[in-house]
Amino acid sequence: MENRRTHILQAIPGTNKIPDRMFKWFTAAMAFSVGLLLFIVIWNLVRGSYPAIKEYGWRFLVTSSWDPVHEEFGALPFIYGTVVSSVLALIIAVPLSIGTSVFLTEFAPLRLRRPVISLVEMLAAVPSVIFGLWGIFVLIPFLRNYIYPWLESVLGFLPIFEGPIYGVGMLSAGIIVAIMILPIITSVSREILESVPDLQREAAYALGATRWEVIRIAVLSYAKRGLMGAAVLGLGRALGETMAVTMVIGNRPEIAASLFAPGYTLASVIANEFTEATTDIYLSVLFEIGLVLLGVTILTNIIARVFIYGMTSPSGSKST
Amino acid sequence: MQTSPAYDRYRKLKSTFISGLCVLSAVLVVAPLGFVFFHLLSEGISSIDLNFLLNLPAPVGEKGGGMANAIVGTLILLGLASAVGIPFGVLGGVYLSEYGNAHFNRVIRFMADILNGVPSIVWGIVVYALIVVPMKGFSALSGGVVLGFMMIPLILRTTEEVLLLVPRDYREAALALGIPKWKTTVFIVMKTAFRGIVSSVLLAQARVAGETAPLLFTAFGNRYWAQSLDQPIAALPLQIFNYAISPYDEWHQQAWAGALVLILMILFINFGIRTIINIGSNK
């Protein structure tokens, strides 16, 4: 509507419309560059991975031998490593993030909110490679010397906590990635909780509910979908995380039950082997892994949007 | 529902307990930041001196050496990235806020969000195929382009938001005076939102300054000064990565020092944003 009105105003006789049109179309082209960019990304990945897709087909995703010398490529260990490290990261990060956002929206003293939010934002600004560095030299020695032996002695009867402790491995990667996705999940779920109407809370308090009961009945159950969206958004980040994971996961293409064992992820195999890929088919396989990563991140993004959309848009389905 | 006093006490206790858990989780979320900064300072500060800031890397085993080329390289890459990212991002954002219709905007925003979620390593191999292969070699240019590509969707989204904050009356007043729409947009709307646009650009720069993965197969890294933009160039994050995974203790020390310099650069940019926003709000 506003656009139409401004057009009428602008149609005063004597105004030269040509520069106006040029400016409009120029900025339109700039905006559309985003579409072009998305096309460039998809096109280059598809083109690069076409030879590998033709050669190996679906087999590539479900076999687990990785032998570049004999040109045998199976991505299963990388898919396994990516999924396991990301799920571990979510298990650690989601409760902490939701706890923090409940603290921030429901009962933190006002003068504490801003500083805590700023600190969480600062955590988001720390580059991946610095988390990797810190992981190698600080976190891993600590986990290897104190936490892992303790975990093994207490929970060692479970297959996921047995076997030799290297320090680098699946669990270490999960912990580092958890730290890195804390900020995104925290800030999205904080926004979701802030959008819960106060009427909800007041109604629950009026019934004599305690603070926790208010949070559980009036806030969390109301915000459930949005919080799931926040977690999925975090999952998307975790799946694509590269540098820090590459530095702490151990980079061994094996599927082991133990979380102490080294693993490998889709992103880190590209990071490590791309410049070493000597044959065309090897390079093409790495492109295909990139394509898989892109597909998975687009999918998680869409799912997260579907969850969050109904929450924050006022016209969304509030009744569900 | 039970209403005995004992049950009420239990409910209150439970509520307090869970509130405590929420406080604890907030502490646990903030704690890693403290530890990372503590170790960056304690490990890095001793290795930062003029030698580190002004010299090239020393060969293995030799004392001294620095990261001057990597620091300058990161600044060059950021400059190139801005040259790519700013025009597309800012003007694209202008279109969304000043011209676009709801449907077109929704599609563009959706695509920008998808691009913001593309893993950085994937950007790396895309630009490898797009630029490094045709140019037959790793180059500073390709490194700048990949970071620039990553900046476009970031700047586009934030620019649109800050332009929408400019009151509609400003536009209407200007148009009522017979000023053409493009002049209104550039000299009234964009000028009013100038601080916001600058901080959205800075925010995007801070985001990409620490990126390592996209540079692995584009800028590639270089132990010497890059002579021209079609040669591989050193970058601080790349250098930190290479030193961190090396087996040499001196290099580990240098990695810590490099990481401290990198985080200070990023904080400096972020501090710039804060200052701009604060000045803007005090006005």
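Given the structure is predicted, the values throughout are model-derived calculations rather than measurements.

> So what's going on with the overall build of chain A? Which residues, and what values?
What chain A contains, in helices and strands, is twelve helices and two strands. Reading chain A from its N end, one meets helices and strands in the order α-α-α-β-β-α-α-α-α-α-α-α-α-α. For chain A, the spread of C-alpha atoms along the principal axes amounts to about 75 × 60 × 35 Å. Here chain A holds 320 residues, and the buried ones make up 53% of them. Taking the contacts inside chain A whose residues are at least 6 apart along the sequence as the reference set, 72% of them involve residues at least 24 apart. Within the structure as shown, chain A displays about 14800 Å² of accessible surface, and the carbon and sulfur contribution to it stands at 66%.

> Describe in detail the packing of helix α3 (residues 68-98) of chain B against helix α9 (residues 194-209) of chain B, supporting the description with residues and values.
If you want to describe how two helices pack, look at the angle between their axes and the distance between the axes. Residues and elements named next belong to chain B. α9 packs onto α3 with a crossing angle of 135° between their chain directions and a minimal axis gap of 10 Å. With respect to each other, α3 and α9 are oriented oblique. Between α3 and α9 lies a crossing whose hand is right-handed. Taking contact as the criterion, the partners of Thr74, Leu78, Ser82, Ile86 and Val90 in α3 are, on α9, Ile197, Val201, Gln205, Val208 and Ala209. Taken together, the residues of the contact of α3 with α9 break down into seven nonpolar, three polar and no charged.

> Before we move on, can you summarise the interface of chain A and chain B with the specific residues and values?
Each side of the interface is counted separately: chain A has 80 residues, and chain B has 85 residues. Roughly 7400 Å² of surface becomes buried between chain A and chain B when both sides are summed, with 79% attributable to carbon and sulfur atoms. Our count for the contact surface shared by chain A and chain B stands at two salt bridges. Between Asp113 of chain B and Arg305 of chain A there is a salt bridge whose closest N-O contact spans 2.7 Å. Our enumeration of links across chain A and chain B arrives at eleven residue pairs in polar contact (both at pLDDT 80 or more). Here the side of chain A that touches chain B takes 20 residues from helix α2 (residues 18-56) of chain A, the largest share from any one element. Residue composition of the side of chain A that touches chain B, grouped by class: 52 nonpolar, 19 polar and nine charged.

> Explain the side chain of Thr185 of chain B to me, and be specific about the residues and the numbers.
Assignment of secondary structure puts Thr185 of chain B in helix α8 (residues 181-192). Excluding residues within four positions of it along the chain, Thr185 of chain B makes contact with Phe23 of chain A together with Val94, Glu98, Tyr99 and Met190 of chain B.

> If you had to explain the pattern of salt bridges to someone new, which residues and values would you point to?
Tallied over the entire structure, the rule returns ten salt bridges over all chains. Here Glu254 of chain A makes a salt bridge to Arg252 of chain A, at a shortest N to O gap of 3.6 Å. The exposure class assigned to Glu254 of chain A is partly exposed, which follows from its relative accessible area of 41%. The shortest N-O distance in the salt bridge between Arg157 of chain B and Asp113 of chain B comes to 2.6 Å. One end of the pair, Arg157 of chain B, is in helix α6 (residues 140-164); the other, Asp113 of chain B, is in helix α4 (residues 102-117), and 44 residues separate them in sequence. Each of the salt bridges in this network shares a partner with another, and the network as a whole consists of Glu106, Asp198 and Arg201 of chain A.

> Give a detailed account of the nonpolar core, specifying residues and quantitative values.
Ranked by internal contacts, the top residues of the largest apolar core, which has 192 residues, are Trp66 of chain A together with Ile121 of chain B. With 16 residues, the single largest contributor to this core is helix α7 (residues 170-194) of chain A. Residue contacts for Trp66 of chain A: discarding those within four places in its chain leaves Phe60, Glu72, Phe73, Gly74, Phe78, Pro253, Val269, Glu273, Tyr282, Val285, Leu286 and Ile289 of chain A.

> For unusual backbone geometry, give the residues involved together with the corresponding values.
Positive phi outside glycine occurs at Glu71 of chain A, with the angle close to 55°. Inspection of the secondary structure assignment puts Glu71 of chain A in the loop between β1 (66-67) and β2 (72-73). Judged by its relative accessible area of 36%, Glu71 of chain A falls in the partly exposed class. One non-glycine residue with positive phi stands out, namely Phe220 of chain B, at about 70°.

> Kindly report on the packing of α3 of chain B against α8 of chain B, identifying the contributing residues and their values.
Residue and element names in this part refer to chain B. Put simply, α3 and α8 touch, their axes get as near as 12 Å, and they point 110° apart. Between α3 and α8, the crossing angle belongs to the class labelled roughly perpendicular. Facing Val90, Val94 and Glu98 of α3, the residues of α8 in contact are Lys181, Thr185, Val189 and Met190. Broken down by class, the residue content of the contact of α3 with α8 amounts to four nonpolar, one polar and two charged.

> So what about the side chain of Arg11 of chain B? Which residues, and what values?
By the element assignment, Arg11 of chain B lies in helix α1 (residues 5-44). Under the relative-accessibility criterion, Arg11 of chain B is labelled buried at 12%. Of note is the side chain of Arg11 of chain B, whose polar atom sits 2.9 Å from the backbone oxygen of Gly208 of chain A. For Arg11 of chain B, the side chain forms a polar contact with the side chain of Glu213 of chain A, separated by 2.7 Å. Non-local contacts of Arg11 of chain B, meaning those with residues more than four positions away in its chain, are made with Gly208, Ala209, Thr210 and Glu213 of chain A.

Scoring rules and cut-offs
- Residues numbered from 1 in each chain as written.
- Chains lettered and ligands numbered in written order.
- Predicted model: local features only at pLDDT ≥ 70, side-chain atom pairs only at ≥ 80, totals over all residues.
- Heavy atoms only, no water.
- Helix = DSSP H or I, 4+ residues; strand = E, 2+ residues; numbered from the N terminus.
- Buried < 20%, exposed > 50% of the residue type's maximum accessible area, 1.4 Å probe, protein only.
- Contact = heavy atoms within 4.5 Å.
- Areas by Shrake-Rupley, 256 points an atom, 1.4 Å probe, with all protein chains shown as cover.
- Axes fitted to C-alpha atoms, helices over the stretch in contact; angles between N-to-C directions.
- Parallel < 35°, antiparallel > 145°, perpendicular 65-115°, else oblique.
- Left-handed = near helix turned anticlockwise from the far one by under 90°.
- Nonpolar A, V, L, I, M, F, W, Y, C, P; charged D, E, K, R; others polar.
- Buried area = accessible area lost by both parts, 1.4 Å probe.
- Salt bridge = Lys/Arg side-chain N within 4 Å of Asp/Glu carboxyl O.
- Polar contact = N/O pair within 3.5 Å; in protein donor to acceptor, adjacent residues only side chain to side chain.
- Core = buried A, V, L, I, M, F, W, Y, C linked by side-chain atoms within 4.5 Å.

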